[in-house]
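Summary of structural features
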Amino acid sequence: MILIIIFKPRLRCIFVLLRSHFNKRNDMKKTFLKALLVLFAVLSATQAAAETKVIKDVLGREVKVNLPVKRIALGFYYTDFLAVGGTKALDKVVGFSKEVWTDWTPASWDLYSKALPQLNKLADFGEVEVGTFSVEKVISLKPDLLILASWQYNVLEPDLKPLADLNIPVVVLDYNREKVELHVKSTKILGEILGEGKRADEISKLYEDTVKEVGDRIAKANLPKPKIYIEFGRGGPEDTGITYGKDMWGSLIDLAGGDNIAADLVEQWAPINAEQVIAAKPDVIMITGRETELKKEPTAMVMGINIDKAEALKRLDGFKKRVGWSELPAIKNNRLYGLYMGASRTLADMAMVQYIAKALYPQLFKDVDPIKTYVDFHKKYLPVVPVGTIAIQADEK
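To start, this report covers the structure provided alongside it. (Residues numbered from 1 in each chain as written. Predicted model: local features only at pLDDT ≥ 70, side-chain atom pairs only at ≥ 80, totals over all residues. Heavy atoms only, no water.)

**As for the overall build of the protein**
A count of helical and extended segments in the protein gives 15 helices and 18 strands. Scored against the burial criterion, the 397 residues of the protein give a buried share of 52%. Relative to all contacts within the protein whose residues are 6 or more apart in sequence, the contacts with residues 24 or more apart total 66%. Counting every atom, the protein has about 19500 Å² of accessible surface; 52% of that belongs to carbon and sulfur. (Helix = DSSP H or I, 4+ residues; strand = E, 2+ residues; numbered from the N terminus. Buried < 20%, exposed > 50% of the residue type's maximum accessible area, 1.4 Å probe, protein only. Contact = heavy atoms within 4.5 Å. Areas by Shrake-Rupley, 256 points an atom, 1.4 Å probe, with all protein chains shown as cover.)

Now the structure itself:
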């Protein structure tokens, strides 16, 4: 009788009892070696099936995660999650912050929830910005992991101790700041979590190469930087909306080679005085919009999925009539544009880098079709292809 006891870190003790009668010493050796080989095969398979990995998130936090993850609570970046993991990754999601999707980009939610009906069955654990996020609800879902955006984590950090007490890890991603390195890091983290490292590397390279190609053309041309102003137009021409300094659209302006007139006035996002816009005399103006305001605000800028181009152009035209704007270079030279808010803070926003760069330097990007870039990304990596108005230039009048 031979009793073999093997201890392995993070694996249960495995007890193997072998009972044999050996007539010859050689037979005993052969049988013993075979038993060991079987044991090591079992141990290797077990270790491959369940491994604790330390993941360094975008905040530099070292987080221990048991891979493969089977139950995920997803705070944000839903389409990026699907782009990296594929639709099968949704089988791992037990709950999400629903309002960030349904209220911020409702047409996107309608499109995805029809293509992926299981989205409608996922538990909702609340939304950070409106104060409904529930740590207790997250815990009740028994997740292996909670994924949050950095802006969500910054608000919630003091309230997350109950998760730590229960050894529920929290990994933080960041597509909001629109930095290439953060897009890439967030994408590779998702690849690691979802077991899609190769796909994540492919998407990361596509993003890096697309943005680099834009920068290389601009650097080679060595032209003066055109001045640009971007505003979220959800309040319409009568209201001065927020603009962007070093985050979101502000970062995209940097990648597209523009001189952001708000860069020294706004840290992240905030409105600036109407007089400051007029004094800066931007060469290009872009007004962002989404679908949410279509029926709520009659003059608000609307862009996005199922938004009619004529409606978007009509509303964009209203911004030309702002006091003092008729004399701005951007308006006089018909360099007023509309952009879809939902096309930012996502992997697909490489197309917006192209679009802004083309608006700033039209002679350098005549051969580039940013809308095709946007659509092609969806065709290759996502289960839906959006139809609507993603980016437009105002009509000449």
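Once you've had a look at it, read on.
**A word on the nonpolar core**
With 129 residues, the main nonpolar core has Ile 193, Met 286 and Ile 356 as its most contacted residues. No other element matches helix α14 (residues 350-360), which puts 9 residues into this core. Ignoring any residue separated from it by four or fewer positions in sequence, one finds Ile 356 in contact with Ile 228, Ile 230, Trp 249, Leu 252, Ala 256, Met 286 and Leu 339. (Core = buried A, V, L, I, M, F, W, Y, C linked by side-chain atoms within 4.5 Å.)

**What about the packing of aromatic side chains?**
Each aromatic ring pair is specified by the distance between its two centres and by the angle formed by the two planes. A full pass over the atoms with the stated rule returns 15 aromatic pairs. Geometrically, the ring pair formed by Phe 76 and Trp 151 is edge-to-face, given 5.6 Å between the ring centres and 80° between the ring planes. With a gap of 75 residues between them, Phe 76 in the loop between β5 (72-74) and α2 (78-85) and Trp 151 in helix α6 (residues 150-156) connect regions that are remote in the sequence. Assessed through its relative accessible area of 7%, Phe 76 is described here as buried. Given a relative accessible area of 15%, Trp 151 falls into the buried group. Among the aromatic residues, ring-to-ring pairing joins Phe 76, Tyr 77, Tyr 78, Phe 96, Trp 101, Trp 104, Trp 109, Tyr 112, Trp 151 and Tyr 175 into one connected group. (Phe/Tyr/Trp six-rings, centres within 6.5 Å; stacked < 30°, edge-to-face > 60°.)

**Some points on the environment of Thr 240**
Following the sequence through the fold, Thr 240 ends up in the loop between β10 (227-232) and β11 (243-244). Take Thr 240: its relative accessible area is 32%, and that puts it in the partly exposed class.

**Topic: helix α4 (residues 106-115)**
Of the residues making up α4, those classed as buried are Ala 107, Ser 108, Trp 109, Tyr 112 and Ser 113. Looking at the buried positions of α4, the neighbouring elements they touch are α2, β6 (93-96), α3 (99-102), β15 (304-305), β16 (336-340) and α15 (370-381).

**Focus: the packing of α2 against helix α9 (residues 197-221)**
Interaxial distance between α2 and α9 falls to 8 Å at its minimum, and their mutual angle equals 120°. Residues Leu 82, Ala 83 and Val 84 of α2 form the contact with α9, whose own contacting residues are Arg 199, Ala 200 and Ile 203. Among the residues making up the contact of α2 with α9, the classes are represented as 5 nonpolar, no polar and 1 charged. (Axes fitted to C-alpha atoms, helices over the stretch in contact; angles between N-to-C directions. Nonpolar A, V, L, I, M, F, W, Y, C, P; charged D, E, K, R; others polar.)

**What to know about the environment of Ala 391**
For Ala 391, the location among the structural elements is in strand β18 (residues 391-393). Among the residues examined, Ala 391 registers a relative accessible area of 14% and is labelled buried. Sequence separation between Ala 391 and Tyr 337 is 54 residues, and the spatial gap between their C-alpha atoms is 7.3 Å. When residues no more than four places from it in sequence are discounted, the contact partners of Ala 391 are Met 303, Gly 338, Leu 339, Tyr 355 and Ile 371.

**What to know about the pattern of salt bridges**
Across all of its chains, the model carries 20 salt bridges by this definition. Of the charged contacts, one joins Asp 165 and Lys 161 as a salt bridge, the two residues approaching to 3.1 Å between their closest N and O atoms. Residue Asp 165 and its partner Lys 161 are both found in helix α7 (residues 161-165); the two are separated by 4 residues, about one turn of the helix. Each member of the pair Asp 165 and Lys 161 is classed as exposed. Of the charged contacts, one joins Lys 188 and Asp 201 as a salt bridge, the two residues approaching to 3.8 Å between their closest N and O atoms. In this pair, Lys 188 sits in helix α8 (residues 180-194) while Asp 201 sits in helix α9, placing the two residues 13 residues apart along the sequence. The structure contains a network of salt bridges with shared partners spanning Glu 213, Arg 217 and Asp 367. (Salt bridge = Lys/Arg side-chain N within 4 Å of Asp/Glu carboxyl O.)

**Points about the pairing of strand β9 (residues 170-173)**
Covered by surrounding structure in β9 are Val 170 and Val 172 together with Val 171 and Leu 173, the residues of both alternating faces. With 4 bridges connecting them, strand β8 (residues 145-149) and β9 associate as parallel partners. Considered in β9, the bridge of Ile 147 is made with Val 171. (Pairing = 2+ DSSP bridges.)

**Observations regarding the sheet that holds β9**
Across a sheet, paired strands are connected by hydrogen bonds in the backbone, their directions being either parallel or antiparallel. Taken in spatial order, the 5 strands of this open sheet run β7-β6-β5-β8-β9, and their pairing is parallel. Here the strands that pair on one side only, and so sit at the sheet edges, are β7 (123-124) and β9. Packing against the sheet, α2 makes contact with β5, β6 and β8, and its axis sits at approximately 135° to β5.

**Digging into the pairing of β10**
Of all 6 residues in β10, 5 are buried; the element is thus mostly enclosed. Pairing geometry for β10 and strand β12 (residues 259-260), over 2 bridges, is parallel. Within β12, the residue paired with Lys 227 across the bridge is Asp 259. Bridging between β10 and strand β14 (residues 284-289) involves 5 bridges; their strand directions are parallel. The residue bridging Ile 230 from the neighbouring strand is Met 286, located in β14.

**Focus on unusual backbone geometry**
The peptide bond linking Leu 67 to Pro 68 adopts the cis configuration, its omega dihedral lying at 0°. Mapped onto the elements, Pro 68 comes out in the loop between β4 (62-67) and β5. With a phi angle near 45°, Arg 345 is a residue other than glycine that sits in the positive phi range. Summarising the element assignment, Arg 345 is placed in the loop between β16 and α14. Residue Arg 345 is classed as buried on the basis of its relative accessible area of 13%.

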